[in-house]
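This is what each chain is made of:
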Amino acid sequence: MGKVVLVTGVARQLGGRLVRRIQRDPEVDRVVGVDVVRPGHRLGGADFVQADIRQPAIAKVLAEYGVDTVVHMDVTGTPLGSGGGRTTVKETNVIGTMQLLGACQKSPTVRRLVVKSSTSVYGSAPRDPAVFTETTPAKSLPSGGFAKDAVEVEGYVRGFARRRPDVAVCVLRFANILGPSADSPLAEYFSLPVLPTVLGYDPRLQFVHEDDVIDVLRIASGEARRGTLNSGTFNVAGEGVLLLSQCSRRLGRPTVPVLLPAVRWVGTALRTVGVTDFSPEQIRLLTHGRVVSTTEMRETLGYEPKYTTVETFADFARSRGPGLLPPDSLARAVDRVADRMADRMMDPTAGPAFAPSSGGSVTGVTTPSNAE
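It should be emphasised that the depicted structure is a prediction, and the values quoted were computed from it without experimental measurement.

1. Focus: the overall build of the protein
On a plain count of helices and strands, the protein comes out with 12 helices and 13 strands. Burial statistics for the protein: of 372 residues in total, 50% are counted as buried. Partitioning the contacts of the protein with sequence separation of at least 6, the portion at a separation of at least 24 is 79%. Approximately 17200 Å² of the protein is accessible, and the part contributed by carbon and sulfur atoms is 55%.

Here is the structure:
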């Protein structure tokens, strides 16, 4: 018989896509999708079980279907539809994971566990290293929101791995997931008509495309290819970084810089309009940013993302429609400024990059080398 794969969180678009993709693998005999509500999208030939992973009944599902591979996708920062708020999300992330791991621990058939986690476990602090590796400890552990949930989830997974050393465990720490159907808190933030930012900060951000997420999860849930290892913990992100200012320009959405002490009030206001996880940790990300190393993903897991961070954001931006400002015109203007300043820096005999006109002055503008 082929493998029997159970996937949690299939009512979300990402979980549904994974179920449909796994069914095409020749070594998979059966796929079982589990969620608390019936999905509004098709699951192909997969079996759907309407169950709450927060309840002990999930153990009966594992036993009934003889599941040998579990892919835990139901770790997220946003509620499913209108079905609850932050409390429901936290219960599903933490209590649901505890129940699922307890069921896996007792199951004699489970041989592989894949958990969708997040690079938010590293936190965001002013003295963070330039690049986090999988073994870099967080300078300041997340204190709330989805980031804290992810830290707790990984703690429970490590405990499970110690108790069941015969089970191959793979934890995938995804950077912020974007794409046409992304439903993450950061996607909600970028969909605002005006983006509140922290005055004086321009954080570096990394993204991973939802298509790459599906491919990595498929690799982690199958047998390791020759010369690779798909057990362990891996950062997953597209190559390169973008500054928050670059993101706003590419979206054509203006920014409103806010003094850091007032950001908490802004977060409260955003939650009232539906940005569900504008928590202190989300604010820290938009203040200090976060960049992770993906060497292990490439060299050990053996995966090369199809999309870079820039390409991922471009695909996301196209799906969100035009903003208040024309992105192309704005990008061309920034390019002209950057090119002119670069030329002047290369020529020490040149005069000022921008000569003030009569009766006025011009403030210099600086942009990184990969601005637009």
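Structure shown, so let's carry the discussion forward.
2. Overview of empty space enclosed by the protein
Under the definition given, this model contains 3 cavities of 30 Å³ or more. Roughly 540 Å³ of internal volume is contained in the largest cavity. Those elements giving two or more residues to the lining of the largest cavity turn out to be helix H1 (13-22), strand E5 (112-118), helix H4 (145-163), strand E7 (176-178), helix H5 (185-190) and helix H9 (280-288). When its residues are assigned to classes, the lining of the largest cavity shows 12 nonpolar, 18 polar and 7 charged.

3. Points about the sheet that holds strand E11 (residues 232-236)
Strand order in the open sheet formed by 7 strands is E3-E2-E1-E4-E5-E6-E11, with parallel pairing between adjacent strands. Two strands close off the open sheet at either side, each with one partner strand: strand E3 (47-50) and E11. If you compare each strand with its neighbour and ignore which way they point, the axes differ by 20° on average. Where strand E1 (residues 3-8) and strand E2 (residues 28-35) come together, 6 bridges link them in parallel fashion. What sits directly across from Val 4, in E2, is Arg 30. Contacts between H1 and the sheet are confined to E1, E2, strand E4 (69-72) and E5, with E1 contributing the most and set at about 170° to the helix. Helix H3 (residues 86-106) rests against E1, E4 and E5 of the sheet, and its axis sits at about 175° to E4.

4. Some details on the environment of Asp 315
Along the chain, Asp 315 falls in helix H11 (residues 309-320). Taking the C-alpha atoms as reference, Asp 315 lies 8.3 Å from Leu 178; in sequence the two are 137 residues apart. Setting aside residues no more than four positions away along its own chain, Asp 315 makes contact with Pro 180 and His 209. A distance of 2.6 Å separates the side chain of Asp 315 from the side chain of His 209, its partner in a polar contact.

5. Points about the nonpolar core
Within the largest apolar cluster, 38 residues are counted, with the highest numbers of intra-cluster contacts made by Val 7, Leu 18, Val 71, Leu 172, Phe 174 and Leu 217. Elements with a minimum of two residues in this core: E1, H1, E2, strand E6 (168-174), helix H6 (210-221) and E11. Sort the elements by how many residues they give to this core and H6 lands first, with 6 residues. Not counting the four nearest positions on each side in its chain, Leu 172 is found in contact with Val 114, Val 115, Lys 116, Ser 117, Ser 118, Val 216, Leu 217, Ala 220, Phe 234, Val 236 and Leu 301. Leu 62, Val 67, Val 110 and Val 115 belong to the second largest nonpolar core, which has 28 residues in total.

6. Regarding the packing of H1 against H6
With their axes 10 Å apart at the nearest point, H1 and H6 run at an angle of 50° to one another. Overall, the two elements H1 and H6 adopt an arrangement that is oblique. As for how H1 packs across H6, the hand of that crossing is right-handed. Listed contacts from H6 to Leu 14, Arg 17, Leu 18, Arg 21 and Ile 22 of H1 are Glu 210, Asp 211, Val 213, Ile 214, Leu 217, Arg 218 and Ser 221. Of the residues that constitute the contact of H1 with H6, the class distribution is 6 nonpolar, 1 polar and 5 charged.

7. A few points about the packing of aromatic side chains
The relation between two aromatic rings is expressed through the spacing of the ring centres and the mutual angle of the planes. Taken as a whole, this structure holds 7 aromatic pairs when the rule is applied. Ring centres of Phe 190 and Phe 207 lie 6.1 Å apart, and the angle between their planes is 75°; on these two criteria the pair is classed as edge-to-face. Of the two residues, Phe 190 is situated in helix H5 and Phe 207 in strand E10 (residues 207-209); the sequence distance between them amounts to 17 residues. With a relative accessible area of 0%, Phe 190 lands in the buried category. Given the relative accessible area of 0%, Phe 207 is considered buried. Ring geometry for Phe 190 against Phe 313: centres 5.2 Å apart, planes inclined by 80°, an arrangement best described as edge-to-face.

Rules used throughout
- Residues numbered from 1 in each chain as written.
- Predicted model: local features only at pLDDT ≥ 70, side-chain atom pairs only at ≥ 80, totals over all residues.
- Heavy atoms only, no water.
- Helix = DSSP H or I, 4+ residues; strand = E, 2+ residues; numbered from the N terminus.
- Buried < 20%, exposed > 50% of the residue type's maximum accessible area, 1.4 Å probe, protein only.
- Contact = heavy atoms within 4.5 Å.
- Areas by Shrake-Rupley, 256 points an atom, 1.4 Å probe, with all protein chains shown as cover.
- 1 Å grid on protein atoms, 1.4 Å probe; cavity = no way out; pocket = protein on both sides within 12 Å on 5 of 7 lines; lining within 4 Å.
- Points joined across faces, edges and corners; volume = space filled by probe spheres on them.
- Nonpolar A, V, L, I, M, F, W, Y, C, P; charged D, E, K, R; others polar.
- Pairing = 2+ DSSP bridges.
- Axes fitted to C-alpha atoms, helices over the stretch in contact; angles between N-to-C directions.
- Polar contact = N/O pair within 3.5 Å; in protein donor to acceptor, adjacent residues only side chain to side chain.
- Core = buried A, V, L, I, M, F, W, Y, C linked by side-chain atoms within 4.5 Å.
- Parallel < 35°, antiparallel > 145°, perpendicular 65-115°, else oblique.
- Left-handed = near helix turned anticlockwise from the far one by under 90°.
- Phe/Tyr/Trp six-rings, centres within 6.5 Å; stacked < 30°, edge-to-face > 60°.

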